[in-house]
Amino acid sequence: MRIGAVAARTGLSLRTIRYYEEVGLVTPSARSQGGFRLYTEPDVARINLIRRMKPLGFQLEEMKELLGLLFPVSRPDGEPVVLEEHELRRLREFTEKAERRCAELRATLDTAEEFAALLRDSLARHTERAQNT
């Protein structure tokens, strides 16, 4: 599929997708005869994964490293890739970072929901008072 369809499916702008290509996070699987970027389903899945990393605070270099850990280059003999100890350690660190950030985001959401509830209560009281006058 072309970049416009990928943008529509991922909710990202064309500029963002091109930037991800520029910095080496994603590469179109092919180019059309006219030079248009062509993406496959696995490319779209990778872009969606990158999109999910962003709110968790991963930096570009971390994203590249994490993508390499999640999708290691296949072995020529077709055997599954086994991560080395230092790679497992990094994957654990990334997992812990993601879990910490999720907890922070939940706490922020709790605070926001409490405030929204306060606003709803205030609106209901004022609406009731206005109707009673």
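Since we're looking at a predicted model, the values are computed, not measured.

The subject of this paragraph is the nonpolar core. The biggest cluster of nonpolar side chains holds 23 residues, and the ones touching the most others in it are I17, L25, I47, I50 and F58. Counting residues per element, the ones that place at least two in this core are α1 (3-10), α2 (14-22), α3 (41-53), α4 (60-70) and α5 (85-132). With residues up to four places along the chain from it excluded, the contact list for L25 reads Y20, R46, I50, L60, M63, K64 and L67.

For the coordinates displayed, the defined rule picks out 1 aromatic pair. Taking 5.7 Å as the distance between ring centres and 65° as the angle between the ring planes, the aromatic pair formed by F58 and F94 counts as edge-to-face. Of this pair, F58 sits in the loop between α3 and α4 while F94 is found in helix α5, placing the two residues 36 residues apart along the sequence. Across the pair, F94 and F58 agree in class, each one buried. For the cation-ring pair, R2 lies above F36, with the distance from its terminal atom to the ring centre recorded as 3.8 Å.

For the structure shown, the criterion picks out 8 salt bridges. In this structure, the salt-bridge partner of K64 is E61, at a minimum N-O distance of 3.4 Å. Taken together, the positions of K64 and E61, both in helix α4 and 3 residues apart, correspond to about one turn of that helix. With a closest N to O distance of 2.7 Å, E65 and R90 form a salt bridge. Taken together, the residues E65 in helix α4 and R90 in helix α5 connect sequence positions 25 residues apart.

The rules we used
Residues numbered from 1 in each chain as written. Predicted model: local features only at pLDDT ≥ 70, side-chain atom pairs only at ≥ 80, totals over all residues. Heavy atoms only, no water. Core = buried A, V, L, I, M, F, W, Y, C linked by side-chain atoms within 4.5 Å. Buried < 20%, exposed > 50% of the residue type's maximum accessible area, 1.4 Å probe, protein only. Helix = DSSP H or I, 4+ residues; strand = E, 2+ residues; numbered from the N terminus. Contact = heavy atoms within 4.5 Å. Phe/Tyr/Trp six-rings, centres within 6.5 Å; stacked < 30°, edge-to-face > 60°. Lys NZ or Arg CZ within 6 Å of the ring centre and 35° of its normal. Salt bridge = Lys/Arg side-chain N within 4 Å of Asp/Glu carboxyl O.

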